[in-house]
Amino acid sequence: MKRLLSRSEIAARIAEDIPGGAVVNLGIGAPTLVANFIPPDREILLHTENGMLGMGPAPSREHIDPDLINAGKEPVTEGVGAAYFHHADSFAMMRGGHIDLCVLGAFQVSEHGDLANWSTGEPGAVPAVGGAMDLARGAKEVYVMTDLFTKSGEPKLVTSCSYPLTAVRCVKRIYTDHAIFEVTARGFRVRETFGGLTTSDLEVRTGLRFHD
Amino acid sequence: MTSKETTDIREAVSSISDGATIMIGGFGRAGQPVELIDALIEHGVRDLTIVSNNAGSGDTGIAALLAARRVRKVVCSFPRQSDSWVFDRMYRAGEVELELVPQGNLAERIRAAGAGIGAFFTPTGVGTDLAAGKEHRTINGREYVLEYPIFADAALISALRGDRYGNLIYRKTGRNFGPIMATAATTTIAQVDVCVEPGGLDPESIVTPGIFVDCVVPVGERSWLADGHFVGGTDAAGAPLSPSAKESQ
């Protein structure tokens, strides 16, 4: 492979790594794409924070039901074996450690696994946190799906987050267009690269040190 | 004879006074009690504190209440949406106060109020700006932050069907905050599509028992249902699909 991964290819790569039987929450935005790549023969239960387990794909236009939406307020469908519940139960599922995996977007991830994904702290911006802090703290494993660099070229992997934190020491793995990284006790480790990149190429581009 | 049913929606919200704290159910538009909010606007009270997951979308429901300048403060988890222009403008102009609460803490604080819990330690928010200045405690090696219940003078919620005892069932993800808000308010007012005779709801399937509900207001069936069956014909906001949009699909 001689090129970086597209958004959809990152989503497909994450879906590949989700084991059958897992209960998974996909964060709003890009992570929702992961649902499109889960193989039909692999039974994975999707949780949505607004009160549903067993969420199905987007409906055709004539089947849009305003009472059936996901965390991003987009119309979804009811999978076979789905269950509805109220908000306190939904967040008990997260906080109580019942969700196996969540996939979230990020502004920054630190080498300790700290996540910043809810606020850039810009003056005048309307702050919004939603369920991000509960998910990042509560899911058994937290994967991040993101481009490695911001639009202006700043790496999103950092030694220490400058943006307001969502949760400390919570991220286990980061799936990016350039590579897949793991957070270990010794910092970031490169798990897999794309586009023929080497670990030292990534070190030059990010200014970080990746251990073996 | 017990009857919590009223068909007079203005009468239903008439006990709400200036300065009240009001919980409003819904997640985005799903489960938002738009007819009750309209009645509240007509009732004319102001200086309200609104507790809800969002801070309104488009120009209806909570957005209309904000635009009518009846709200002093919003307690919510996610005010910023693609169509939250009313809140965005008022927040930037300093015309409405915001208390931002992580969504699970918001839900649990409401649940705690209804369940008689004095306060609770939660891991959510530890190490973040939203836990700054709050009491922390390490319990079994894990750090938690102390959060207090949120009570309300009134809760306005939306359910699918109710009966005159106040028993309620909901529909799909429209359930969201309804069942917990019903427990946490001095007065809980539920709008329903239809109010059925007692016995008309399966006791095994009732989600909110009537003890938590003070008033049930039938407002007519939502437009995407006919006799309780899904017929569609709307977009996700509940607006009718345009014929041209149908053809393009």
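Residues numbered from 1 in each chain as written. Chains lettered and ligands numbered in written order. Predicted model: local features only at pLDDT ≥ 70, side-chain atom pairs only at ≥ 80, totals over all residues. Heavy atoms only, no water.

Enquirer: Tell me about helix H4 (residues 199-206) of chain A, and name the residues and values.
Expert: Residue and element names in this part refer to chain A. Where H4 is concerned, the buried positions are Leu202, Glu203 and Thr206. End-on, the buried residues of H4 take up no more than an arc of 105°, which puts them together on one face. Looking at the buried residues of H4, the elements they touch are strand E11 (179-184) and strand E12 (187-193). Phi for Gly207, located one or two positions after H4, is positive at around 75°. (Buried < 20%, exposed > 50% of the residue type's maximum accessible area, 1.4 Å probe, protein only. Helix = DSSP H or I, 4+ residues; strand = E, 2+ residues; numbered from the N terminus. Arc of directions from axis to C-beta. Contact = heavy atoms within 4.5 Å.)

Enquirer: Can you break down the packing of helix H2 (residues 87-95) of chain A against helix H5 (residues 103-115) of chain B residue by residue, with the values?
Expert: In the contact formed by H2 of chain A and H5 of chain B, the axes pass within 9 Å of each other and the chain directions differ by 125°. Here H2 of chain A is positioned oblique relative to H5 of chain B, judged by the angle of their axes. Along this stretch, H2 of chain A crosses H5 of chain B, giving a crossing that reads as left-handed. Residues His87, Ala88, Phe91 and Arg95 of chain A of H2 of chain A form the contact with H5 of chain B, whose participating residues are Gln103, Gly104, Asn105, Ala107, Glu108 and Arg111 of chain B. When its residues are assigned to classes, the contact of H2 of chain A with H5 of chain B shows three nonpolar, four polar and three charged. (Axes fitted to C-alpha atoms, helices over the stretch in contact; angles between N-to-C directions. Parallel < 35°, antiparallel > 145°, perpendicular 65-115°, else oblique. Left-handed = near helix turned anticlockwise from the far one by under 90°. Nonpolar A, V, L, I, M, F, W, Y, C, P; charged D, E, K, R; others polar.)

Enquirer: Now, about the packing of aromatic side chains: what can you tell me, with residues and values included?
Expert: What the rule picks out here adds up to five aromatic pairs over all chains. An angle of 75° between the planes, with centres 5.9 Å apart, marks the rings of Phe107 of chain A and Tyr163 of chain A as edge-to-face. Remark: Tyr163 of chain A occurs in the loop between strand E9 (157-158) and strand E10 (171-175) and Phe107 of chain A occurs in the loop between strand E5 (101-104) and strand E6 (108-110); sequence separation between them is 56 residues. Their ring planes at 45° and their centres at 5.4 Å tell us that Tyr143 of chain A and Tyr175 of chain A sit as a pair that is tilted. Taken together, the residues span a long stretch of sequence, with Tyr143 of chain A in strand E8 (residues 141-145) and Tyr175 of chain A in strand E10 at a distance of 32 residues. Neither Tyr143 of chain A nor Tyr175 of chain A differs from the other in exposure class; each is buried. Taken together, Phe181, Phe188 and Phe210 of chain A form an aromatic cluster joined through their ring pairs. Note that Arg164 of chain B overlies the ring of Tyr165 of chain B, its terminal NZ or CZ placed 5.2 Å from the centroid. (Phe/Tyr/Trp six-rings, centres within 6.5 Å; stacked < 30°, edge-to-face > 60°. Lys NZ or Arg CZ within 6 Å of the ring centre and 35° of its normal.)

Enquirer: Requested: an account of the sheet that holds E9 of chain A, with residues and values cited.
Expert: Residues and elements named next belong to chain A. Pairing within the open sheet is mixed, and its three strands lie in the order E7-E6-E9. Taken across any chain shown, the strands that pair with only one partner, and hence form the sheet edges, are strand E7 (115-116) and E9. Across two bridges, the pairing between E6 and E7 is antiparallel. Within the sheet, the bridge partner assigned to Gln108 lies in E7 and is Ala116. (Pairing = 2+ DSSP bridges.)

Enquirer: Before we move on, can you summarise the interface of chain B and chain A with the specific residues and values?
Expert: Reports often express the size of an interface as the amount of accessible area lost when the parts come together. With 55 residues of chain B in contact, the opposing surface of chain A contributes 43 residues. Roughly 4,100 Å² of surface becomes buried between chain B and chain A when both sides are summed, with 62% attributable to carbon and sulfur atoms. Three residues, Phe27, Lys172 and Thr173 of chain B, lead the burial of chain B against chain A; their summed loss comes to 16% of the area buried on that side. Run the count over chain B and chain A and you get four salt bridges. (Buried area = accessible area lost by both parts, 1.4 Å probe. Salt bridge = Lys/Arg side-chain N within 4 Å of Asp/Glu carboxyl O.)

Enquirer: Describe the sheet that holds strand E7 (residues 142-147) of chain B, listing the residues and the values that go with them.
Expert: Residues and elements named next belong to chain B. On the basis of which strands lie adjacent, the open sheet formed by three strands has the order E5-E7-E6 and antiparallel pairing. The sheet terminates laterally at strand E5 (120-122) and strand E6 (136-139), the two strands that pair on one side only. The sheet shows a mean angle of 45° between the axes of neighbouring strands, direction not considered. Alignment of E5 against E7, held across three bridges, turns out to be antiparallel.

Enquirer: Can you explain the state of the cysteines? Please cite residues and give values.
Expert: Applying the stated criterion to the full structure yields zero disulfides over all chains. Lacking any disulfide linkage, Cys102 of chain A is separated from the closest cysteine sulfur, that of Cys170 of chain A, by 7.8 Å. Cys215 of chain B takes part in no disulfide bond, and the closest cysteine sulfur, belonging to Cys195 of chain B, lies 9.7 Å away. Taking the relative accessible area as the measure of exposure, Cys215 of chain B reaches 11% and is therefore buried. (Disulfide = S-S within 2.5 Å.)

Enquirer: I'd like a rundown of the side chain of Asp83 of chain B, residues and numbers included.
Expert: All names here are of chain B. Here Asp83 lies in the loop between strand E3 (71-76) and helix H4 (85-92). Relative accessible area serves as the criterion here: at 16%, Asp83 is assigned to the buried category. Within the structure, Asp83 has its side chain in polar contact with the side chain of Arg29 (distance 3.2 Å). (Polar contact = N/O pair within 3.5 Å; in protein donor to acceptor, adjacent residues only side chain to side chain.)

Enquirer: Quick one: what's the story with the pattern of salt bridges, residue by residue and with numbers?
Expert: Summed over all chains, the structure comprises 28 salt bridges over all chains. For the salt bridge of Glu192 of chain A with Arg13 of chain A, the shortest nitrogen-to-oxygen distance reads 2.6 Å. Here Arg13 of chain A lies in helix H1 (residues 7-17) and Glu192 of chain A lies in strand E12, a separation of 179 residues in the sequence. In this structure Arg13 of chain A comes out as buried when scored by relative accessible area, which is 14%. Arg222 of chain B is the partner of Asp193 of chain B in a salt bridge, and the nearest nitrogen-oxygen pair spans 3.0 Å. Linking Asp193 of chain B in strand E10 (residues 185-196) with Arg222 of chain B in the loop between strand E11 (215-218) and strand E12 (225-226), this pair joins segments that are 29 residues apart in sequence. Asp193 of chain B gets classed as buried once you look at its relative accessible area, which sits at 7%. Relative accessible area serves as the criterion here: at 14%, Arg222 of chain B is assigned to the buried category.

Enquirer: Lay out the side chain of Gln103 of chain B with the relevant residues and their values.
Expert: Position of Gln103 of chain B among the secondary structure elements: in helix H5. Apart from the residues within four sequence positions on either side, Gln103 of chain B is in contact with Glu49, His87, Phe91, Gly130, Gly131 and Asp134 of chain A together with Phe27, Asn53, Ser77 and Phe177 of chain B.

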